[in-house]
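Take a look at the letters that make up each chain.
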Amino acid sequence: MAVTVGSGKHTYELVEGWGRLPEGWEFKQVAGVAVDRDDNVLVFNRSAHPVIVFDRDGKFLRSWGEGMFKSAHGLALAADGSVWLADNGDHTVKHFSADGKHILTIGTPGVEAESGKPFRKVTDVALAPNGDVYVSDGYGNSSVHVFSPDGRHKQSWGQTGVGDGDFNLPHNIWVTREGRVLVSDRENHRVQVFDLHGRHRATWPDFIQPTDIHVDRDGTVYVAELRNRVTVCNSKGKVLARWGRV
């Protein structure tokens, strides 16, 4: 029997058994999923095979990154197909080519930075239209950091709190085509919206520990929540559909 979720225009059907792994492999705490320009699906997880790549039908293609990550926690794809990956256990953000060749590491591997500085248990990474790298730094910090594509630090913002612009575990980050920065402020149960310079623009309440954000090409916002719920919003945060926990 097919499992259908959502409502109205935002209705989806579960594809059972998608993602066929090689014998003996398993997914372990999947931290991020992205689709590249060829419709291949990258799965960043905490197994012995950190980046697993499938075609759109779930056929296994390849894996890479073995032995290079302590704790997978977030990923972003660049326009050129390269991959940025946040390593929560290593306090770093790493840049790789599309075929898994290491290009750059931001942060000092294995070293927690001072409070408020990059990085202390980094959570996620996103890319702005101009190529700048936006990083949510959430478990040891309450910050967002911005870097140039070559890893030069440009600015940071955020502190622990409940006011506008404050964070209590910024767990995920997304930069839209229009230059809005969406941050899942997990333990404050909200999504906050900023401009590219960190100026607060809006707060969207009424979430249950939001953990991940995706914005599609039409501007529709999808928010995965820790306590078993997915919320679909328009670009202003109005709820369009929900499924999971009531």
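About the criteria used
- Every chain is numbered independently, its residues counted from 1 as its sequence is written.
- Where local features are concerned, this predicted model is filtered to residues with pLDDT of at least 70; where side-chain atom pairs are given and counted, the filter is 80 or more; whole-chain, interface and lining totals use all residues.
- In computing side-chain properties, one takes all heavy atoms of the structure into account and sets aside hydrogens as well as water.
- Buried residues of nine kinds, namely Ala, Val, Leu, Ile, Met, Phe, Trp, Tyr and Cys, make up a nonpolar core once their side-chain atoms join them within 4.5 Å.
- Whether a residue is buried, partly exposed or exposed follows from its accessible area with a 1.4 Å probe, protein chains only, as a fraction of its type maximum: under 20%, in between, or over 50%, in that order.
- Note on conventions: DSSP H or I runs of at least 4 residues are helices, E runs of at least 2 residues are strands, and numbering of each starts at the N terminus.
- Note on pairing: DSSP must find at least two bridges between two strands before they are called paired.
- To define axes, lines are fitted to C-alpha atoms, for helices over the stretch in contact only, and angles between the resulting N-to-C directions are given on a 0 to 180 degree scale.
- Counted as a polar contact is a pair of N or O atoms within 3.5 Å, where, for protein atoms, one must be capable of donating a hydrogen and the other of accepting one, and residues adjacent in sequence contribute only when both atoms are in side chains.
- Two residues form a contact once any of their heavy atoms are found within 4.5 Å.
- The salt bridge criterion pairs a side-chain nitrogen of Lys or Arg with a carboxyl oxygen of Asp or Glu, the two atoms within 4 Å.

1. Structural notes on the nonpolar core
In this structure, Trp84, Val93, Phe119, Val125, Val133 and Val135 are the most contacted members of the largest nonpolar core, which totals 14 residues. Within the residue set of this core, elements represented by two or more residues are strand 8 (83-87), strand 10 (102-106), strand 11 (122-127) and strand 12 (133-137). Here the element with the most residues in this core is strand 11; it accounts for three residues.

2. Examining unusual backbone geometry
Here the bond from Pro118 into Phe119 is cis, since omega is -10°, no more than 30 degrees from zero. By the secondary structure assignment, Phe119 is in the loop between strand 10 and strand 11. Positive phi, normally seen in glycine, also occurs at Asp39, with a value near 70°. Looking at where Asp39 falls in the secondary structure, it is placed in the loop between strand 3 (32-35) and strand 4 (41-44). The phi dihedral of Asp206 is positive, around 70°, even though this residue is not glycine. Relative to the helices and strands, Asp206 resides in the loop between strand 18 (200-204) and strand 19 (210-215).

3. Digging into the sheet that holds strand 12
If you trace the four strands from one edge of the open sheet to the other, you get 11-12-13-14, paired in antiparallel fashion. Where the open sheet ends on each side, the last strands, each with one partner, are strand 11 and strand 14 (153-157). Ignoring which end each strand starts from, the neighbouring axes of this sheet average 20° apart. Sheet analysis places strand 11 next to strand 12, joined by five bridges and oriented antiparallel. By the bridge assignment, Leu127 is partnered in strand 12 with Val133.

4. What to know about the side chain of Gln192
Relative to the helices and strands, Gln192 is located in strand 17 (residues 190-194). Residue class for Gln192 comes out buried when judged on its relative accessible area of 0%. There is a polar contact of 2.5 Å between the side chain of Gln192 and the backbone oxygen of Asp166. Looking at Gln192, its side chain comes within polar contact range of the side chain of Asp185, at 3.1 Å. In this view, Gln192 contacts Gly163, Asp164, Gly165, Asp166, Phe167, Val181, Leu182, Val183, Asp185, His200, Ala202 and Thr203; residues no more than four positions away in its chain are not counted.

5. Re the sheet that holds strand 15 (residues 170-175)
Sheet strands pair by backbone hydrogen bonding; their relative direction is either parallel or antiparallel. With antiparallel pairing, four strands are arranged side by side in an open sheet as 15-16-17-18. Either end of the sheet is taken by a strand with one partner, and the two such strands are strand 15 and strand 18. The average undirected angle you get between the axes of adjacent strands in this sheet is 20°. Where strand 15 lies against strand 16 (residues 181-185), five bridges are found, and the strand directions are antiparallel. Paired with Asn172 across the two strands is Ser184, which belongs to strand 16.

6. Concerning the environment of Ala241
Secondary-structure assignment places Ala241 in strand 22 (residues 239-244). With a relative accessible area of 3%, Ala241 lands in the buried category. Considered as a pair, Ala241 and Ser7 are 234 residues apart in the sequence and their alpha carbons are 5.8 Å apart. Beyond its immediate sequence surroundings of up to four residues, Ala241 is in contact with Ser7, His10, Val230, Thr231 and Val232.

7. So, the pairing of strand 6 (residues 60-64)
Here strand 5 (residues 51-54) pairs with strand 6 via four bridges, running antiparallel. In the strand pairing of strand 6, Val53 is matched with Arg62.

8. Things to note about the pattern of salt bridges
Enumeration over the complete set of coordinates arrives at 13 salt bridges. Among the ionic pairs, Lys101 bridges to Asp99, the shortest N-O distance being 2.8 Å. Between Asp195 and Arg201 there is a salt bridge, and its shortest N-O distance comes to 3.1 Å. Through salt bridges with shared partners, a single ionic network connects Asp87, Asp90 and Lys94.

Just distances and angles here, no functional claims.
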